[in-house]
Amino acid sequence: MESKSMTISTKIQQSNYSALSNLPRHIINQIKSEGELYITAPNKCSRIWIEMRKNDFVTDAQLNFTIVQRIFEACRSEIVQLLKLQNEKDFFELFDQDNDGILNEDEQILVFSVIKEKMHQVATALLKIQEYILFKQLMKELRTLEANIADYQNQLRQRISNKERKVYKEIGQEKLDDFYDKYYQEFQQLTKYKIDRRAQLKISQEKELGILEDRLSKDTELMKVKPKKKLKDLQTQEKLVSLEERVEEALDFRKELKDLEKHEQDRVYKVQKYRIEKQHSDLLFKQQKEREQLEGKLQETEYKLIIQMKKDYDVLLKQINLHNNEITRIQSLASNQAMKKGLYEGEAKRQKVQSQLQNAIIAQTKAISQPESKINDLDQFHESETIRKLETRKSIQFVGSPGKPVYSEESEKTPMGSTFNGKSKNFYQIRKIIKESKNITQFYIKKNYGADLPVNFIRSAHNIQGDQHEKIERFLSVKRKSQHELLPPITQLYDDDMQEKQIKAITQTDQEIKREKALKRAFINEKLFRND
């Protein structure tokens, strides 16, 4: 019994109840300095964000390497303090996840998400070294940064949403321009058709009138009107009487015939003239009827075209505004989900980890308080304290200056400022945070929803549809490029004699194109909205 009591007292004396007993003082001071540094992280991130927005007005929220260099130079002190990166090349290489030479919206937000994750790691280290006041202050600033990140991604998302709505309106305007072009050509063809039909009718009528003139000028037409039979009988009797030398009777016949011949001549002339004029007037009346019928048919054709144009115009207006509400709904839904995600997801993950740690501490406490032998309890307690100290030492390895962690086994063997393949250790630490950390919130601003999920991921019922942004992409996929952005085939630039041709679409200026569109629009609108 005495030996057992001696063993117990020895173990009690050897036990050290402080989690900080094996940590050097300079490590604790360095963690505290890191905590004090990251307290100002929201303001520094705000300056980086403002500098990004100052430089993206040309590239439409896409940051290429040249712009990143300007941002890095303007915010060098902030980036070096928060990310421990010394040059813009490492910065760009780390956050250009898809290696496309630009930092898109998701990659820009990733910069601040990594800073937030490093803040969380520093806050965890502060909690381990029992700096509770500084830990609370840092967690307050971390939540402020979370709210700022949610606002940042919402600004970028709203910019994309406005651009998508603008593109959708441009698609509608393109359809309207196509409509105006189509019916302007239709009316031009109708005008040409009217001119051709009128010309054809005029030619045919002139030809018909010429045939009538030729027919009426012939003698056969004049012979159709003959004098009365009485005149011929009197002329015959005059000849017979004159042969018998019956002069007095012949003079009587001549006197009577003189008046009759003149009268008959006038009558025949009038009848012939009447017949000619009657045929002329009948033909002109007939031709006038033909012209009226032609104008009626042409007018009917134009009215039918106008009716069809109005129907197509009504359908087109419905098509143009058909998906406008759907696009707004999808954008609003994605924006609200992203805001909730940015504001509450990080806190929910931290509460989950906190609950797990609380349960582990309670389980450990219950295991120690079981009525077992005191020696075994002390052995288990001593082992648990040893494990806790080792975990404390490991959990604070990440905090340090560029190229030098605060405490690790490698840091004791590796000289300060050492690099691997020209990259500092902080470079690989941040890369590890990006690839392995589950606390970084994905907002899917530009990236397709679920693009980073594993192939064996099973979607649950609440996220089976994703953010439905592919619908908007389908709606906007019909957007055409401007004529000035399209290069024509080289075969269209030369004629058969290899002489350069002037292509209207290329030679026209923007002002000329706008003027032409305005004329077409005014012409079609006059047809559409007139009240006759």
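Residues numbered from 1 in each chain as written. Predicted model: local features only at pLDDT ≥ 70, side-chain atom pairs only at ≥ 80, totals over all residues. Heavy atoms only, no water.

If you look the protein chain up in an unreviewed UniProt entry, it shows as EF-hand domain-containing protein from Paramecium pentaurelia.

### A word on the overall build of the protein chain
Cut-off, in case you're wondering: Helix and strand assignments follow DSSP, with helices taken as H or I runs no shorter than four residues and strands as E runs no shorter than two, numbered in order from the N terminus. Working definition: with a 1.4 Å probe on protein chains only, accessible area under 20% of the residue-type maximum means buried, over 50% means exposed, and in between means partly exposed. For this analysis, residues touch if any pair of their heavy atoms sits within 4.5 Å.
Along the protein chain, the regular secondary structure elements total 18 helices and six strands. In the protein chain, buried positions account for 34% of the 532 residues. Sequence-distant contacts in the protein chain: of pairs separated by 6 or more residues, those separated by 24 or more amount to 75%.

### Considering the packing of helix α2 (residues 25-38) against helix α7 (residues 105-128)
In a packed pair of helices, the relevant descriptors are the angle between the two axes and the axis-to-axis distance. Our working rule: Angles here are taken between N-to-C directions and fall from 0 to 180 degrees, while the axes themselves are lines fitted to C-alpha atoms, restricted in helices to the stretch in contact. Note on terminology: angles under 35 degrees are roughly parallel, angles over 145 are roughly antiparallel, angles of 65 to 115 are roughly perpendicular, and the others are oblique. For any pair of crossing helices, the crossing counts as left-handed if the nearer helix is rotated counterclockwise from the farther one by less than a right angle, and right-handed if it is rotated clockwise. Note that Gly is not counted as nonpolar here; it falls among the polar residues with everything else outside the nonpolar set of Ala, Val, Leu, Ile, Met, Phe, Trp, Tyr, Cys and Pro and the charged set of Asp, Glu, Lys and Arg.
Packing of α2 against α7 brings their axes to within 9 Å, and their N-to-C directions diverge by 140°. When the interaxial angle is binned, α2 and α7 end up oblique. For α2 against α7, the interelement crossing comes out left-handed. Contacts between α2 and α7 involve I31, K32, E34, G35 and Y38 from the first element and I115, K118, M119, V122, A125 and L126 from the second. Of the residues belonging to the contact of α2 with α7, the class tally is seven nonpolar, one polar and three charged.

### Re the pattern of salt bridges
This is how it is decided: Criterion for a salt bridge: a side-chain nitrogen of Lys or Arg within 4 Å of a carboxyl oxygen of Asp or Glu.
Using the criterion set out here, one finds 23 salt bridges in the structure. Here E88 ties to R76 by a salt bridge, and the two come within 3.9 Å at their closest N and O atoms. With E88 in helix α6 (residues 88-95) and R76 in helix α5 (residues 76-83), the pair connects residues that are 12 residues apart, well separated along the chain. Take E88: its relative accessible area is 16%, and that puts it in the buried class. You can call R76 partly exposed: its relative accessible area is 30%. Linking E345 and K349 is a salt bridge whose minimum nitrogen-to-oxygen distance equals 3.5 Å. Taken together, the positions of E345 and K349, both in helix α12 (residues 324-368) and four residues apart, correspond to about one turn of that helix. With a relative accessible area of 22%, E345 lands in the partly exposed category. Linked through salt bridges whose partners overlap, the residues forming this network are K116, R143, E146, E347 and R350.

### Describing helix α3 (residues 41-55)
Inclusion rule: Working rule for helices: expected span equals 1.5 Å times residues minus one.
The first and last C-alpha atoms of α3 sit 21 Å apart over 15 residues, in line with the 21 Å expected at 1.5 Å per residue. All of the buried residues along α3 are A41, P42, K44, C45, I48, W49, E51, M52, R53 and N55. The secondary structure elements touched by the buried residues of α3 are α2, β1 (63-64), α4 (65-74), α5, α7 and α8 (132-216).

### Examining the environment of C45
With respect to the helices and strands, C45 occurs in helix α3. Residue classification places C45 among the buried residues on the basis of a relative accessible area of 0%. In this structure the C-alpha to C-alpha distance between C45 and I149, which are 104 residues apart in sequence, comes to 9.2 Å. Here C45 is in contact with L82, F112, I115, L145 and Y152, once residues within four sequence places are set aside.

### Concerning the packing of aromatic side chains
Pairs of aromatic rings are described using the distance from one ring centre to the other and the angle between the two planes. To be explicit about the condition: Two rings belonging to Phe, Tyr or Trp (six-membered ring only in the last case) form a pair when the distance between their centres is within 6.5 Å. Interplanar angles under 30 degrees mark stacking, angles over 60 mark edge-to-face geometry, and anything in between is tilted.
Enumeration according to the criterion identifies 13 aromatic pairs in this entry. Ring geometry for F112 against Y152: centres 5.2 Å apart, planes inclined by 55°, an arrangement best described as tilted. Within this pair, whereas F112 is found in helix α7, its partner Y152 is found in helix α8, the two being separated by 40 residues in sequence. With respect to burial, F112 and Y152 carry one shared label: buried. Seen from their ring centres, F187 and F523 are 5.8 Å apart, and the 80° between their planes marks the pair as edge-to-face. Note that F187 is positioned in helix α8 and F523 in helix α18 (residues 510-529), a separation of 336 residues in sequence.

### Topic: the confidence of the model for the protein chain
Rules: The predictor rates its confidence in each residue with pLDDT, a number between 0 and 100.
Across the protein chain, pLDDT averages 77, with 69% of residues at or above 70. When mean pLDDT is taken per element in the protein chain, α5 scores highest with 92 and helix α14 (residues 409-413) scores lowest with 38. Every residue in residues 1-16 is under pLDDT 50, and counting partners more than four places away or in other chains gives eight contacts. This model gives residues 460-465 a pLDDT under 50, and the stretch forms four contacts once residues within four places in sequence are excluded.

### Considerations on the UniProt feature "coiled-coil region" (unreviewed entry) in the protein chain
Going by this rule: UniProt positions are given in the numbering used here, feature names are shortened, and annotations may be inferred rather than shown by experiment.
Within the UniProt annotation, "coiled-coil region" (unreviewed entry) is assigned to residues 135-162 and 240-304. Secondary structure across residues 135-162 comprises 100% helix and 0% strand; the distance between its end C-alpha atoms is 40 Å.

### Some details on the nonpolar core
Inclusion rule: Throughout this description, the term nonpolar core refers to a set of buried Ala, Val, Leu, Ile, Met, Phe, Trp, Tyr and Cys residues connected via side-chain atoms within 4.5 Å.
Membership of the largest hydrophobic core comes to 55 residues, with the highest contact counts inside it found for L83, F91 and F95. Tallying contributions element by element places α7 first for this core, with 11 residues. Look past the residues within four positions of F95 in its chain and what remains in contact with it is L83, L103, E107, L110, V111, V114, I430 and I434. Counting 14 residues, the second-largest nonpolar core is a separate cluster that includes L176, F187, I320 and L528.

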